[in-house]
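# Structural features, examined
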Amino acid sequence: MMAKEIQELQGDQSGDRDPETVYGISGSPGIVVGRVVVLRPRADDLVRYHLEKDVLEEEQKRFQQAVDQAEQELKDLRSKFDGDLSDTLTIIDSHIRMLRDPMIVGQTARLIEQQQINAEWALSRSLYLIKKKFDHIADEYIRDRFADVEYVTKLLWEQLSEHGQQFPTGFAEPVIVVSEDFTPADTVRMQSEKVLGFLTEKGGTTSHTAIVARSLGLPAVVGVENITQQCRTGDTIILDGYDGRVCLAPTIDQQHLYQEYDRQHQAFSKELHWYINLSSETLDGLQVRLSANIEIPKEIKQVTYYGADGIGLFRSEFGYFQQRHLPDEETLLGVYQDLVVALTPQPVTIRTLDAGGDKLASQLPGHRFKNLHERNPALGLRSIRLSLSEQPLFITQIRALLRASAFGKLRILLPLISILGELHQVQEIIGQVMLDLTNQGIPFDPAVEVGIMVEVPSAVVMADALAAEVDFFSIGTNDLIQYSLAIDRGNEYVAKMYDPLHPAILRMISQTVKAGHDQGIEVALCGEMAGDVFMAPVLLGLGLDELSMRPSAIPHVKRLLRHSTSRRLNGLAKEILKCSDGKETRALLEKYIAKNYGLQQLIK
Ligand code: PEP
Ligand code: MG
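Everything numeric here is computed off the predicted structure, so don't read it as measured data. (Residues numbered from 1 in each chain as written. Chains lettered and ligands numbered in written order. Predicted model: local features only at pLDDT ≥ 70, side-chain atom pairs only at ≥ 80, totals over all residues. Heavy atoms only, no water.)

### Considerations on the overall build of the chain
Within the chain, the secondary structure is distributed over 24 helices and 16 strands. Looking at the chain as a whole, 53% of its 604 residues qualify as buried. Contacts in the chain between residues far apart in sequence, at least 24 positions, make up 69% of those at least 6 positions apart. (Helix = DSSP H or I, 4+ residues; strand = E, 2+ residues; numbered from the N terminus. Buried < 20%, exposed > 50% of the residue type's maximum accessible area, 1.4 Å probe, protein only. Contact = heavy atoms within 4.5 Å.)

Here it is as structure tokens:
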């Protein structure tokens, strides 16, 4: 009941909110109650001065010295780490690389020369120019990388001037540190200082601050607007890293409640661990594959750690972004083969390039694609459409996929199929590539499974015809909801209407499952809702054969699955399919969960 009681105390997220509670993004789980230390931004009193030509060389030297010192500081920091914090090491390495990149350092040196200005000011001009470029990037992950540019810039400012505020040391009592943002050096110092958790204005779930917080095990909330102005050093606050919220002036009752909530969470996490090695089945023996969604090969560690039954979605496009060149066949083969070998005999489902839409094709190296300036990218030349219009690119990927299929159970997944003709075109290409490989004596699995993402309403309607021609379906609800309800999945103004439990969505899932099963193929679901334990009962009841989700959600969903019977789940789905609006489905689900699992204290 804890989450409910907390919501009542401070207003539900969908209802009236307690003005003393502010919301951000969950950066790292855990709850802490404590006093705050607010760190002010570092370089707000930056000065500009004009330089005479004859001192420019001197200024360049001073700047280069700052770059060398910053690099040395990062290297010293790096040497203090052991291998456990590999994510942190990767971040520090990327900052060292950034110091050698012409984007910041080269541009600043040029501005000193051209505009005859001091290094600090040239650096701030560079930051402004880089920011303008990043603002045009729609991809959230890549946009978040601007934070790294800012860290490196701040580090250089610190070296250049006396203005920088160093991370304070020697706190008298354990504190929650609040700042606009932190450098990696700050976050590392937090290890040895009395820091309970931290809170920032900047950042998202993929920002480095959040990544480091998770690896240090410190609760954190990131992306809280204006938080450095909203609290003062000495205030007591509650930081809820599970739900990304901060209680600014908590009552004693609230403090006790949150502490109890945290205790329950921790006990539950321990219990969940137990499920990692158990099979994914209901009490009456119905097996449902719980597999993992991943974006980069490094995540394979998490896939095995959380006991996934294979990879249900490898978003291959992330291997194309942020590269200098488009990856060649051998590079792709290396990545796919490693995944397949690591997981064999479990299946590895690799989706072909899903660029375009919110994953901007302008992020593909080369910037030579036709869809760079589309008026409506979500409805444009994205995903399979882009692959079919850039066939050499697509054929390279298909060759790599087929070659990797010789090493284990690889499945090819095609995104955004909206008409049968697209599937036929792909089949023709795959057939031709198989022929070429055979002629070249290169091994591949001729029975490799090819499936499609069902994520466009037309694919749902035509699911029977499509099912007759593919080996499996994977329902992509993230897009299916966007296209069916006409809600841009990244638009905060209509975010409340983006409802996975809208009866239209549940009926479409049901229809797709039925069409697939009628043709004897398996139907998976790999949208975000698959990893939401609140929605899992209805998805399981709708007869999906596989749910694919972020790896850490797997034990959670498995626990629920192992406490279920297929009869009860099917009964629930039947009832829910009669609902006519999302509120009704939600109410029914809440009742069902309370009655069958008693898990409501953990469900938001
Ligand atoms: C989806 O659309 O549900 C999906 C899993 O793919 P993506 O989020 O990568 O578009
Ligand atoms: Mg999609």
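### Observations regarding the coordination of the magnesium ion (ligand 2)
The expected angle between donors at a tetrahedral four-coordinate metal is 109.5 degrees. At an octahedral six-coordinate metal it is 90 or 180 degrees. Protein-derived coordination of the magnesium ion (ligand 2) comes from Glu455 (OE) and Asp479 (OD), at a distance range of 2.1 to 2.2 Å. Remark: aspartate 479 occurs in helix H19 (residues 477–485) and glutamate 455 occurs in the loop between strand E13 (449–454) and helix H17 (457–461); sequence separation between them is 24 residues. Side by side, glutamate 455 and aspartate 479 carry an identical accessibility label, which is buried. (Donors = N, O, S within 2.8 Å, 3.2 Å for Na, K, Ca; no water.)

### Brief notes about the packing of aromatic side chains
Applying the stated rule across the entire model yields seven aromatic pairs. Here the aromatic rings of tryptophan 274 and tyrosine 275 are separated by 5.8 Å at their centres, their planes lie at 80°, and the arrangement is edge-to-face. For tryptophan 274, a relative accessible area of 62% gives the class exposed. Look at tyrosine 275 and you get buried, because its relative accessible area is 6%. Taken together, a centroid distance of 6.0 Å and an interplanar angle of 65° make the contact between tyrosine 592 and tyrosine 597 edge-to-face. In this structure, tyrosine 592 and tyrosine 597 share a single accessibility class: buried. (Phe/Tyr/Trp six-rings, centres within 6.5 Å; stacked < 30°, edge-to-face > 60°.)

### Some points on the layout of surface pockets
Reported here for the second largest pocket is a volume of approximately 200 Å³. Contributing to the lining of the second largest pocket are Arg568, Gly571, Leu572, Glu575, Leu588, Lys591, Tyr592, Lys595 and Asn596. Counting residues per element, the ones that place at least two in the lining of the second largest pocket are helix H23 (566–576) and helix H24 (582–596). (1 Å grid on protein atoms, 1.4 Å probe; cavity = no way out; pocket = protein on both sides within 12 Å on 5 of 7 lines; lining within 4 Å. Points joined across faces, edges and corners; volume = space filled by probe spheres on them.)

### As for the pairing of strand E3 (residues 31–38)
Of all eight residues that make up E3, seven are buried, and the element is covered over most of its length. Of the pairings in the sheet, the one linking E3 to strand E7 (residues 236–240) comprises five bridges and is antiparallel in character. Residue valine 32 lies in a different strand from E7, and its bridge partner there is leucine 239. In the sheet, E3 pairs with strand E4 (residues 175–179) via four bridges, with the strands oriented parallel. Opposite valine 36, over in E4, you have isoleucine 176 as the bridge partner. (Pairing = 2+ DSSP bridges.)

### Remarks on the sheet that holds strand E11 (residues 348–351)
Around the barrel, which closes on itself, the eight strands sit in the order E9-E10-E11-E12-E13-E14-E15-E16 with parallel pairing between neighbours. The average angle at which neighbouring strand axes cross in this sheet is 25°, direction not considered. Sheet strands in contact with helix H22 (residues 554–562) are strand E9 (289–294) and strand E16 (546–549), and its direction is about 165° off that of E9. (Axes fitted to C-alpha atoms, helices over the stretch in contact; angles between N-to-C directions.)

### Things to note about the packing of helix H15 (residues 391–404) against helix H16 (residues 420–439)
Running from amino to carboxyl end, H15 crosses H16 at an angle of 60°, the nearest separation of the two axes being 10 Å. With respect to their mutual orientation, H15 and H16 come out oblique. Read as a crossing pair, H15 and H16 show a hand that is right-handed. Contact with H15, carried on its side by Gln391, Phe394, Ile395, Ile398, Arg399, Leu402 and Arg403, involves Gln425, Val426, Ile429, Ile430, Val433, Met434, Asp436 and Leu437 of H16 and no other residues of that element. For the contact of H15 with H16, the residue count by class is ten nonpolar, two polar and three charged. (Parallel < 35°, antiparallel > 145°, perpendicular 65-115°, else oblique. Left-handed = near helix turned anticlockwise from the far one by under 90°. Nonpolar A, V, L, I, M, F, W, Y, C, P; charged D, E, K, R; others polar.)

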